[in-house]
Amino acid sequence: MQKVPKSNKSLLIFAIIVLVLLGLYFGGKYLTRNVKVEKNVENTSIKSEDEEISVSQAGTLPEGFPQNFPLYPEAKIISSFTAQGKETNGISVVLGSQDSTEKVIEFYKSELPNKGWKIVSNFDQQGSSTISFEEDKVSGFLGITKANMGVTTISVTIGVKEK
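Residues numbered from 1 in each chain as written. Predicted model: local features only at pLDDT ≥ 70, side-chain atom pairs only at ≥ 80, totals over all residues. Heavy atoms only, no water.

### Here's the deal with the confidence of the model for the protein
As a reminder of what qualifies: The predictor rates its confidence in each residue with pLDDT, a number between 0 and 100. A run of H or I in DSSP counts as a helix once it spans at least four residues, and a run of E counts as a strand once it spans at least two, with each numbered from the N terminus.
Overall, the prediction assigns the protein a mean pLDDT of 79, with 67% of residues at 70 or greater. No element of the protein has a lower mean pLDDT than strand β3 (residues 52-56), at 60, and none a higher one than helix α2 (residues 101-114), at 96.

As structure tokens, then:
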């Protein structure tokens, strides 16, 4: 085996590093060529040809949130998130209430069926609950737990099939 002089090794390593960095640069440019980021006071959206993700802290329900989904009457919207895919759109809303977790859990266990939603599963443990539900082309789950400073957090995640 022939020994390669040290200066040639350094030059070879330098050339490989330059090629890798150029590949990363141009690869990143190619991958993000059709990605658009829009930001305003209430909302941030990231859009590509096939998908869109939007995050809001405006305190309003996102577009497409099911009108018949029960919202806890004493809760305030903290944030929301939407993601639009080819076949399914995702919606997530986080709410907060000063009421006890037990009161909020009982509200959802009774109001989901009253509004036409089927409770698929329910898991209660130490004052928190996870409930999965469905209705027609919509399914999801909600988590109810006690957060900082005594606030009950209600996290609703919904998937809406478009096709």
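### Quick word on the packing of aromatic side chains
Here is the rule: Note on ring pairs: Phe, Tyr and Trp rings are taken, using the six-membered ring of Trp, and paired if centres are within 6.5 Å. Classes follow the plane angle, with under 30 degrees stacked, over 60 edge-to-face and the rest tilted. A 1.4 Å probe rolled over the protein chains alone gives each residue an accessible area, and that area as a share of the maximum for its type sets the label: buried under 20%, exposed over 50%, partly exposed in between.
Across all of its chains, the model carries seven aromatic pairs by this definition. Pairing phenylalanine 69 with tyrosine 108 gives two aromatic rings, centres 6.2 Å apart and planes at 35 degrees, and the pair type is tilted. Of this pair, phenylalanine 69 sits in the loop between β3 and β4 (76-84) while tyrosine 108 sits in helix α2, and the two are 39 residues apart along the sequence. With respect to burial, phenylalanine 69 and tyrosine 108 carry one shared label: buried. Between phenylalanine 69 and tryptophan 117, the aromatic rings sit 5.4 Å apart at their centres with planes inclined by 80 degrees, giving edge-to-face as the arrangement. Taken together, the positions of phenylalanine 69 in the loop between β3 and β4 and tryptophan 117 in the loop between α2 and β6 (118-125) put the pair 48 residues apart, joining distant regions of the chain. Summarising the burial analysis for this pair, phenylalanine 69 and tryptophan 117 share the class buried. Among the aromatic residues, those joined into a ring-pair cluster are Phe65, Phe69, Tyr72, Phe107, Tyr108, Trp117 and Phe133.

### Overview of the pattern of salt bridges
Heads up, the condition is: Every case where a carboxyl oxygen of Asp or Glu lies within 4 Å of a side-chain nitrogen of Lys or Arg is listed as a salt bridge.
Per the stated rule, a full pass over the model turns up two salt bridges. For the salt bridge of aspartate 99 with lysine 103, the shortest nitrogen-to-oxygen distance reads 3.8 Å. Classification of lysine 103 as partly exposed rests on a relative accessible area of 49%. Put simply, aspartate 124 and lysine 109 hold a salt bridge, and the shortest N to O gap is 2.6 Å. Of this pair, aspartate 124 sits in strand β6 while lysine 109 sits in helix α2, and the two are 15 residues apart along the sequence. A residue is classified by how much of its surface remains accessible, and aspartate 124, at 39% relative accessible area, is partly exposed.

### A closer look at the pairing of β6
Heads up, the condition is: Strands are treated as partners if at least two bridges between them are detected by DSSP.
Bridge count for β6 against strand β7 (residues 128-135) is seven bridges, and the pairing is antiparallel. When the bridges of β7 are listed, phenylalanine 123 appears paired with threonine 130. With antiparallel pairing between neighbouring strands as the criterion, β6 and β7 make up a hairpin whose turn holds two residues, including glutamine 126 at a positive phi of roughly 45 degrees.

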